[in-house]
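# Residue-level structural notes
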Amino acid sequence: MPKVCILAGDGIGPEIMEQALRVLERVGQRFGREFSLEHALIGGVAIDATGGPLPQETVEACRRSDAVLLGAVGGPKWDDIDPAIRPEKGLLGIRKELGLFANLRPARLFPQLRDACYLRPDIAARGLDVMVVRELTGGIYFGEPRGEETRETGRMGYNTMVYHEEEIRRIGVVAFEAARKRGSRVCSVDKANVLDVSRVWREVMREVATDYPDVELSEMYVDNAAMQLVRDPSQFDVVVTGNLFGDVLSDEAAAITGSIGMLPSASLGANGPGLYEPIHGSAPDIAGQDKANPLATILSVAMMLRHSLEMPEEATAVEQAVEQTLDQGLRTGDIAQQGDGVVGCRAMGDAVLACI
Ligand code: NAI
Ligand code: MG
């Protein structure tokens, strides 16, 4: 029986998680599956209960699971706390403890939500369904040497972008595997016209590609990729890139869809559990009011079923149920346009359940 560790977290975390777990239970009934759930503390609730954002017990509960499902962490209550134990440190900590080096961020414009999209209507009409695969544990965020110094010439700061062949290969494999489950195209994004590290990145990506003759590899400079994402995102399927470029491009891709409450994510390691979570935060402004959109978390359940629990049919059923719910016109506040009736978090969950 697959084990899932549940980290509801803070703010809207518990509300959106409740709906996600109802969906998981329904999937179990519909497909004759059982899931063993273990709840653990992270973020602000963990600080309140134990004094720190990531209790050892939580790390162990995650380690003995096949997947981790997370709501969101943080909120004004913990804003003035010692920065070393902020709620967000729980998130960074668990990613590190689980060795999660690959961040998968699908940005999809649901046709039903085209009005919310920031792109020109004729471009939005062509569709946007991109999965950014971002390397998470290497690159310029972690490279040495790094620092700040004052020299005769004045103050200076520096960081180093380093990628080892093995780091590039493993993120490449994740991207090509993901492409096989989608549109069979990978675009590797780098800055090989300027950066030496990018030339190694390209070489290794091309080597990985030889193991995937069924997947098409293309290459693009990051500045062009940023432009192409808004000019014609329909050209992309999977985009694989390093830590820094992936940080920027994944936010760009998400933002142009215009619906933060709709977007899931996955973080994967070499072995051990993957971590699944909505890309949004704990939305303290609407917490506890039954206003949150649970669909990003429900779609994170779908990603979990597909990428960690090897239940592709079940994943598709969840995704189709979300589509049908949108087709029926149900909208939470974040995705409502003028004139739409607005439903709450629980009603949205009810509607998805009814469609599975
Ligand atoms: P946020 O994503 O929580 O909220 C931004 C805006 O989007 C707010 O107006 C919020 O009401 C709305 N929103 C977000 N998710 C929604 C949903 N599911 N349904 C409807 N509306 C939704 O980002 P913000 O306000 O910058 O951060 C709030 C707290 O969350 C902070 O403590 C921050 O550190 C934390 N945070 C946590 C993250 C995580 O757990 N992965 C990621 C980002 C922020
Ligand atoms: Mg970012």
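Residues numbered from 1 in each chain as written. Chains lettered and ligands numbered in written order. Predicted model: local features only at pLDDT ≥ 70, side-chain atom pairs only at ≥ 80, totals over all residues.

A word on the overall build of the protein. Per the secondary structure count, the protein includes 12 helices and 12 strands. For the protein, the C-alpha radius of gyration of 20 Å lies close to 21 Å, the compact-globule estimate for 356 residues. For the protein, the C-alpha atoms occupy an extent of roughly 60 × 50 × 40 Å along the three principal directions. A burial count over the protein gives 47% of its 356 residues as buried. Contacts spanning at least 24 positions in sequence make up 76% of the contacts within the protein whose residues lie at least 6 apart. (Helix = DSSP H or I, 4+ residues; strand = E, 2+ residues; numbered from the N terminus. Rg over C-alpha atoms; globule rule 2.2 N^0.38 Å. Buried ≥ 20, exposed ≤ 12 C-beta atoms within 10 Å, placed from the backbone. Contact = placed C-beta atoms within 7 Å.)

The next point concerns the site of ligand 1. Lining the immediate environment of ligand 1, one finds 23 residues, of which Gly74, Gly261, His280, Gly281 and Asn293 sit closest. Partitioned by chemical class, the residues of the shell around ligand 1 number 11 nonpolar, 8 polar and 4 charged. (Near = placed C-beta within 6 Å. Nonpolar A, V, L, I, M, F, W, Y, C, P; charged D, E, K, R; others polar.)

The mixed open sheet is built from 10 strands, whose spatial order is 2-1-3-12-11-4-5-10-8-9. Looking at which strands have only one partner, the edges of the open sheet turn out to be strand 2 (36–39) and strand 9 (216–221). Neighbour-to-neighbour, the strand axes of this sheet turn through a mean angle of 20°, independent of strand direction. In the sheet, strand 11 (residues 264–268) pairs with strand 12 (residues 274–278) via 4 bridges, with the strands oriented antiparallel. Note that in strand 12 the partner of Ser265 across the bridge is Glu277. (Pairing = 2+ DSSP bridges. Axes fitted to C-alpha atoms, helices over the stretch in contact; angles between N-to-C directions.)

Orientation of helix 1 (residues 13–31) relative to helix 10 (residues 295–307), taken along the N-to-C sense of each, is 40°, at an axis distance of 8 Å. When the axes of helix 1 and helix 10 are compared, the pair comes out oblique. Considering how the two elements wind past one another, helix 1 and helix 10 form a crossing that is right-handed. Within the contact between the two elements, helix 1 uses Ile16, Met17, Gln19, Ala20, Val23 and Leu24 and helix 10 uses Thr297, Ile298 and Val301. Class assignment of the residues belonging to the contact of helix 1 with helix 10 gives a composition of 7 nonpolar, 2 polar and no charged. (Parallel < 35°, antiparallel > 145°, perpendicular 65-115°, else oblique. Left-handed = near helix turned anticlockwise from the far one by under 90°.)

This next bit is on the UniProt feature "domain: Isopropylmalate dehydrogenase-like" (unreviewed entry) in the protein. UniProt's entry tags residues 3–352 with the feature "domain: Isopropylmalate dehydrogenase-like" (unreviewed entry), counted in the numbering of this structure. Between the first and last C-alpha atoms of residues 3–352 the distance is 23 Å; the span itself is 40% helix and 19% strand. (UniProt positions renumbered as here; feature names shortened; annotations may be inferred.)

Bringing the environment of Gly269 into the picture now. Examined against the element boundaries, Gly269 turns out to sit in the loop between strand 11 and strand 12. Judged by C-beta crowding, with 19 C-beta atoms within 10 Å, Gly269 ranks as partly exposed. Taking C-alpha positions, Gly269 is 24 Å from Arg108, a pair spaced 161 residues apart along the chain. Setting aside residues no more than four positions away along its own chain, Gly269 makes contact with Leu98, Gly99, Leu100 and Phe101.

Inspection of the secondary structure puts Thr297 in helix 10. The contacts of Thr297, once residues within four sequence positions are left out, are Ile16, Met17, Gln19, Ala20, Gly71 and Pro278.

For the rest of this paragraph, the subject is helix 9 (residues 243–257). The end-to-end C-alpha separation of helix 9 is 22 Å, in line with the 21 Å expected for 15 residues at 1.5 Å each. When we look at burial in helix 9, the residues that qualify are Asn243, Phe245, Gly246, Leu249, Ser250, Ala253, Ala254 and Thr257. Looking straight down helix 9, one finds its buried side chains confined to an arc of 145°; they lie on one side. Structurally, helix 9 contributes buried residues whose contacts are with strand 4 (102–108), strand 5 (129–135), strand 8 (185–190), helix 8 (222–231) and strand 10 (238–241). (Expected span 1.5 Å × (residues − 1). Arc of directions from axis to C-beta.)

Membership of the largest hydrophobic core comes to 103 residues, with the highest contact counts inside it found for Leu69, Val133, Ala175, Val239, Val301 and Val318. Sort the elements by how many residues they give to this core and helix 10 lands first, with 9 residues. The contacts of Val133, once residues within four sequence positions are left out, are Ala102, Leu104, Ile171, Val174, Ala175, Ala178, Val238, Val239 and Val240. (Core = buried A, V, L, I, M, F, W, Y, C linked by C-beta atoms within 7 Å.)

Its domain assignment divides the protein into domain 1 (1–115 + 263–356) and domain 2 (118–257). In this complex, domain 1 contributes 17 residues to the contact, which on the side of domain 2 involves 22 residues. Of all elements in the fold, only strand 4 and strand 11 reach the threshold of two or more residues within the side of domain 1 that touches domain 2. Looking at the side of domain 1 that touches domain 2, the element that brings in the most residues is strand 4, giving 7 residues. In terms of residue class, the side of domain 1 that touches domain 2 is built from 11 nonpolar, 2 polar and 4 charged. (Domains from an automatic or database assignment.)

The omega torsion of the bond from Glu144 to Pro145 falls at 0°, within 30 degrees of zero and hence cis. For Pro145, the position within the fold is in the loop between strand 5 and strand 6 (147–151). For Ser184, which is not a glycine, the phi torsion comes out positive at approximately 65°. In this structure, Ser184 sits in the loop between helix 6 (165–180) and strand 8.

Buried within helix 4 (residues 87–97) we find Pro87, Lys89, Gly90, Leu91 and Ile94. For helix 4, the elements touching its buried residues are helix 2 (44–50), helix 3 (56–63) and strand 12.

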